[in-house]
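# Chain and residue survey
Listed below, chain by chain, are the residues.
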Amino acid sequence: MIVTTTHAPGTFCWPELSTSNQAGAEKFYTELFGWTTSLTPMGPDSHYTIFQKDGVPVAAGAAMMPDVAAQGVPPHWLSYVATESVDDSVATAQKLGGTLVAGPFDVMEYGRMAVLADTTGTPFALWQAKTNPGIGVLDEDNSLVWTELCTDDTTKAAAFYNGLFGWTTEKWSDEPMEYTLLKRGDASAGGMMKKVPQMGPVPNHWMPYFGVAACDATVSKAQSLGATVVVPAMDVPNVGRTAALADPQGATFSIMQFAPRPA
């Protein structure tokens, strides 16, 4: 396992679950991915969950705030992007047409953050590291391996994120659906796909992908733990095998079994 201690600006650095049943979510994800948990008190009756792989953070979770739940917001994963200055990035995002949802504010000694919505209404978060750089393991089984935007306006979204993070875009495919790579220099920052009618009334969202050794076996295990299959396991040519799931509380995420690399 390779441990990461810093994240370059424009890198997805922290997937955070907001859930209606924190204990239930902890049970589900620890059993599915073999994670353990470290709990940070947030008051007399609440805590923040750090999911760990071999003692190193790979994701986090918290109970949804009552006022947020009252607005009808369902359980979901929120994707954080690293930045050198949250305040400067917020100012840039607003100039580009984004909306500030919360913050900026300090998270004790760990870092500084803000939550925004892009120009297509998709929520995401910014993270300026202090003592906590973000997840310490990525691009391995049972860790974050990809983050993907599903939106109804890829042109508008690309202009926003390219202006905010300096990303560039590279078309990957048109069939069976439009798919674009988001590039951070020569590296891939994430992906973007255009919503299609078959998806139904799904809101624009960023989807975290977690790596697995066996996609179909993980789907079966997730179902046995109470998950629902959103997109059945399927092969992605030259990439691997993937599926989309909803955890027992309804938060959606994807899994990816990468194809063996050529020798």
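Structure first, text after, so check above.
Notes on the structure in this doc start here. (Residues numbered from 1 in each chain as written. Predicted model: local features only at pLDDT ≥ 70, side-chain atom pairs only at ≥ 80, totals over all residues. Heavy atoms only, no water.)

Each helix and strand counted, the protein chain has five helices and 16 strands in total. Over its C-alpha atoms the protein chain spans a radius of gyration of 18 Å, differing by no more than 12% from the 18 Å that the globule rule assigns to 263 residues. Summarising its shape, the C-alpha atoms of the protein chain cover approximately 40 × 40 × 40 Å along the three principal directions. Buried positions account for 47% of the 263 residues belonging to the protein chain. Total accessible area on the protein chain is roughly 12,500 Å²; 55% of this is exposed by carbon and sulfur atoms. Taken together, the 14 basic and 26 acidic charged side chains of the protein chain have centroids lying 3 Å from each other. (Helix = DSSP H or I, 4+ residues; strand = E, 2+ residues; numbered from the N terminus. Rg over C-alpha atoms; globule rule 2.2 N^0.38 Å. Buried < 20%, exposed > 50% of the residue type's maximum accessible area, 1.4 Å probe, protein only. Areas by Shrake-Rupley, 256 points an atom, 1.4 Å probe, with all protein chains shown as cover. Lys, Arg positive; Asp, Glu negative; His and termini not counted. Charge placed at Lys NZ, Arg CZ, Asp CG, Glu CD.)

Running from amino to carboxyl end, helix α3 (residues 86-95) crosses helix α4 (residues 154-165) at an angle of 150°, the nearest separation of the two axes being 9 Å. It follows from the interaxial angle that α3 and α4 lie roughly antiparallel. As for how α3 packs across α4, the hand of that crossing is right-handed. Of α4, the residues touching α3 (which contributes Ser-89, Thr-92 and Ala-93) are Phe-160, Gly-163 and Leu-164. The class makeup of the residues in the contact of α3 with α4 is three nonpolar, three polar and no charged. (Axes fitted to C-alpha atoms, helices over the stretch in contact; angles between N-to-C directions. Parallel < 35°, antiparallel > 145°, perpendicular 65-115°, else oblique. Left-handed = near helix turned anticlockwise from the far one by under 90°. Contact = heavy atoms within 4.5 Å. Nonpolar A, V, L, I, M, F, W, Y, C, P; charged D, E, K, R; others polar.)

What follows deals with the nonpolar core. Soluble globular proteins tend to pack their nonpolar side chains together in the buried interior. Ranked by size, the top nonpolar core spans 61 residues in total, and within it Tyr-29, Phe-33, Phe-124, Tyr-161, Phe-253 and Ile-255 carry the most contacts. For this core, the leading source of residues is α4, giving six residues. The contact partners of Tyr-161, leaving out residues within four places of it in the chain, are Asp-118, Thr-122, Phe-124, Leu-149, Gly-166, Trp-167 and Trp-206. (Core = buried A, V, L, I, M, F, W, Y, C linked by side-chain atoms within 4.5 Å.)

The subject of this paragraph is the pairing of strand β7 (residues 111-117). Burial analysis of β7 places seven of its seven residues in the buried class, the great majority of the element. Here β7 shows no split at all, with Gly-111, Met-113, Val-115 and Ala-117 on one side and Arg-112, Ala-114 and Leu-116 on the other all buried. The sheet contact formed by strand β6 (residues 99-107) and β7 spans six bridges and is antiparallel. Counted as the bridge partner of Leu-100 is Leu-116 from β7. Counting the residues that bridge the hairpin from β6 to β7 gives three residues, and of these Met-108 lies at a positive phi of roughly 45°. The turn linking β7 back onto strand β8 (residues 123-129) is made up of five residues, and Gly-121 within it adopts a positive phi angle of 85°. (Pairing = 2+ DSSP bridges.)

This paragraph deals with the sheet that holds strand β15 (residues 240-246). Pairing is mixed in the open sheet, where eight strands are placed in the order β10-β11-β12-β9-β13-β16-β15-β14. Lying at the two open borders of the sheet, with one neighbouring strand each, are β10 (168-173) and β14 (228-236). Across the sheet, the axes of successive neighbouring strands diverge by a mean angle of 25°, strand direction being ignored. Relative to β15, β14 is paired through six bridges, and the arrangement is antiparallel. Its bridge partner being in β15, Val-236 is matched across the sheet by Gly-240. Contacting β13 (205-211) and β16 (252-258), helix α1 (residues 22-33) runs over the sheet at an angle of about 5° to β16. Those strands touched by helix α5 (residues 215-224) are β14, β15 and β16, and its axis lies near 10° from that of β15.

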